[in-house]
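# Notes for the structure review
Below are the chains, spelled out letter by letter.
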Amino acid sequence: MQDSEFINKLKCNDPLAQKQLYDRYAAALLSVCRLYIKDAHFAEDALLKAFYKIFTHIQQYKPQQKLYAWMRRITVNECIDFLRSKQQKLIYSDWNDNYDTIDDSALDEATYQEAQIQAFINQLPEGSRMVFNLYVFEDYTHKQIAQTLGISEGTSKSQLAYAKKMLKKYVER
């Protein structure tokens, strides 16, 4: 779907091209929103705001980029902005245990359907969930997470470990 003619139509604000883009990617990007935002209505709001930004900033899209990756980045940033506006500061749990001791094998070996995994992720405290999603699904480094969320790298690492520990407990139940 990423041909230059289609992108040019998007850059010219062609409503049909915009609808086609929305129809093709809305479900996938809504799933991204749901990773960050528990409430389905707020996730849908964030998705709509993300598409607004996609359509209004399409001129900044470079043909050498993957279109979905570019749109996903905008969507993730919109979710982070939403969470920041909802709560001025994310609340990170006080868990400080050694983050190097977490065994990922239980998480890797578990086979759950997407809805079950999403339900487990939604049970995480908001700060831990944000770090987990950025690290696991967006491939952010701890340094990038720290910069994005305004926390230390150590906090990012401990929150990831805490999220893994909690998910492991959920999976083992």
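Below is a summary of the structure that appears in this document. (Residues numbered from 1 in each chain as written. Predicted model: local features only at pLDDT ≥ 70, side-chain atom pairs only at ≥ 80, totals over all residues. Heavy atoms only, no water.)

### Some points on the overall build of the chain
The helix and strand inventory of the chain stands at nine helices and zero strands. Seen in sequence order, the chain has helices and strands lined up from the N terminus as α-α-α-α-α-α-α-α-α. Expressed as a percentage of its 173 residues, the buried residues of the chain come to 42%. Here the contacts in the chain between residues at least 6 apart in sequence split such that 71% fall between residues at least 24 apart. Surface exposure of the chain reaches about 9,900 Å², of which carbon and sulfur atoms provide 50%. (Helix = DSSP H or I, 4+ residues; strand = E, 2+ residues; numbered from the N terminus. Buried < 20%, exposed > 50% of the residue type's maximum accessible area, 1.4 Å probe, protein only. Contact = heavy atoms within 4.5 Å. Areas by Shrake-Rupley, 256 points an atom, 1.4 Å probe, with all protein chains shown as cover.)

### Considerations on the pattern of salt bridges
Counting across every chain of the model gives seven salt bridges. Of the charged contacts, one joins Lys-9 and Glu-5 as a salt bridge, the two residues approaching to 3.8 Å between their closest N and O atoms. Taken together, the residues span about one helical turn, with Lys-9 and Glu-5 both in helix H1 (residues 4–11) at a distance of four residues. For Lys-9, a relative accessible area of 37% corresponds to the partly exposed category. Judged by its relative accessible area of 52%, Glu-5 falls in the exposed class. Among the salt bridges present, the one from Glu-126 reaches Arg-129, with a minimum N-O distance of 3.9 Å. In this pair, Glu-126 and Arg-129 both sit in helix H7 (residues 126–136), three residues apart, roughly one turn of the helix. Neither residue differs from the other here; Glu-126 and Arg-129 are each classed as buried. (Salt bridge = Lys/Arg side-chain N within 4 Å of Asp/Glu carboxyl O.)

### Notes on the packing of H7 against helix H9 (residues 153–172)
Remark: H7 packs on H9, axes separated minimally by 8 Å, with the N-to-C direction vectors making an angle of 95 degrees. As judged from the angle between their axes, H7 and H9 are roughly perpendicular. Each of Gly-127, Ser-128, Val-131, Phe-132 and Tyr-135 in H7 lies in contact with H9, whose residues at this interface are Ser-156, Gln-159, Leu-160, Tyr-162, Ala-163, Lys-164 and Leu-167. When the residues that make up the contact of H7 with H9 are grouped by side-chain class, the tally is seven nonpolar, four polar and one charged. (Axes fitted to C-alpha atoms, helices over the stretch in contact; angles between N-to-C directions. Parallel < 35°, antiparallel > 145°, perpendicular 65-115°, else oblique. Nonpolar A, V, L, I, M, F, W, Y, C, P; charged D, E, K, R; others polar.)

### Description of a nonpolar patch on the surface
Taken together, the side chains of Tyr-135, Val-136 and Phe-137 present a nonpolar region at the surface, about 220 Å² in accessible area. Its relative accessible area of 35% is what places Val-136 among the partly exposed residues. (Patch = residues over 30% accessible without salt bridge, like charges linked within 9 Å, V, L, I, M, F, W, Y side chains within 5 Å.)

### Examining unusual backbone geometry
A positive phi angle is found at Asn-13, which is not glycine, with a value near 60 degrees. Tracing the sequence through the fold places Asn-13 in the loop between H1 and helix H2 (15–36). Phi at Asp-139 is positive, roughly 60 degrees, even though this residue is not glycine. By secondary structure assignment, the location of Asp-139 is in the loop between H7 and helix H8 (142–149). Exposure remark for Asp-139: the relative accessible area of 62% places this residue in the exposed category.

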